[in-house]
Amino acid sequence: MEKPRSKAALWLLVIPFIGLLWPPFYNLREPALFGFPFFYWYQLLWVPITATLTWIAYRSVRHDD
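Reading guide: rules and limits
- Residues numbered from 1 in each chain as written.
- Predicted model: local features only at pLDDT ≥ 70, side-chain atom pairs only at ≥ 80, totals over all residues.
- Heavy atoms only, no water.
- Helix = DSSP H or I, 4+ residues; strand = E, 2+ residues; numbered from the N terminus.
- Buried < 20%, exposed > 50% of the residue type's maximum accessible area, 1.4 Å probe, protein only.
- Contact = heavy atoms within 4.5 Å.
- Areas by Shrake-Rupley, 256 points an atom, 1.4 Å probe, with all protein chains shown as cover.
- Phe/Tyr/Trp six-rings, centres within 6.5 Å; stacked < 30°, edge-to-face > 60°.
- UniProt positions renumbered as here; feature names shortened; annotations may be inferred.

- The protein chain is annotated in an unreviewed UniProt entry as DUF3311 domain-containing protein from Rhizobium pisi.

Written out as structure tokens, the structure reads:
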């Protein structure tokens, strides 16, 4: 029987999709971070965020047999 919490955790996978869905939102030059325009560091910031959210979703739905 599937836990309701596990289905809710799968919604975590939608967060990165929404955060990167509309490029004109983050297609900016400023604010720059260490010389990188906002466009690049915003996308790079999502890499560890997405990995963490994917790990949380995986841990919540995996079945230990």
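## What about the overall build of the protein chain?
Thought 1: Summing up its helical and strand segments, the protein chain has four helices and zero strands in all.
Thought 2: Traced from its N-terminal end to its C-terminal end, the protein chain shows the element sequence α-α-α-α.
Thought 3: A total of 65 residues make up the protein chain; the buried ones form 17% of that total.
Thought 4: A separation threshold of at least 6 residues defines the contact pool for the protein chain, and within that pool the share at least 24 residues apart is 46%.
Thought 5: As displayed, the protein chain has an accessible area near 5500 Å², and 70% of this comes from carbon and sulfur atoms.

## Some points on the packing of aromatic side chains
Geometrically, a pair of aromatic rings is defined through the distance of the ring centres and the angle of the planes.
Thought 1: Under the defined criterion, the tally for this structure stands at seven aromatic pairs.
Thought 2: Aromatic side chains Phe38 and Tyr42 sit 5.3 Å apart centroid to centroid with 35° between the ring planes, which places their arrangement in the tilted category. Taken together, the residues Phe38 and Tyr42, both in helix α4 (residues 38-61) and four residues apart, mark about one turn of the helix. Like Phe38, the residue Tyr42 is buried in the burial classification.
Thought 3: Through pairs of rings, three or more aromatic residues link up here, namely Phe25, Tyr26, Phe38, Phe39, Tyr40, Trp41, Tyr42 and Trp46.

## Some points on the UniProt feature "transmembrane region" (unreviewed entry) in the protein chain
Thought 1: When the UniProt feature table is mapped to this numbering, "transmembrane region" (unreviewed entry) covers residues 9-26 and 38-58.
Thought 2: Helix makes up 67% of residues 9-26 and strand 0%, whereas the separation of the span's terminal C-alpha atoms amounts to 26 Å.
Thought 3: Secondary structure content for residues 38-58 is 100% helix and 0% strand, and the end C-alpha separation is 30 Å.

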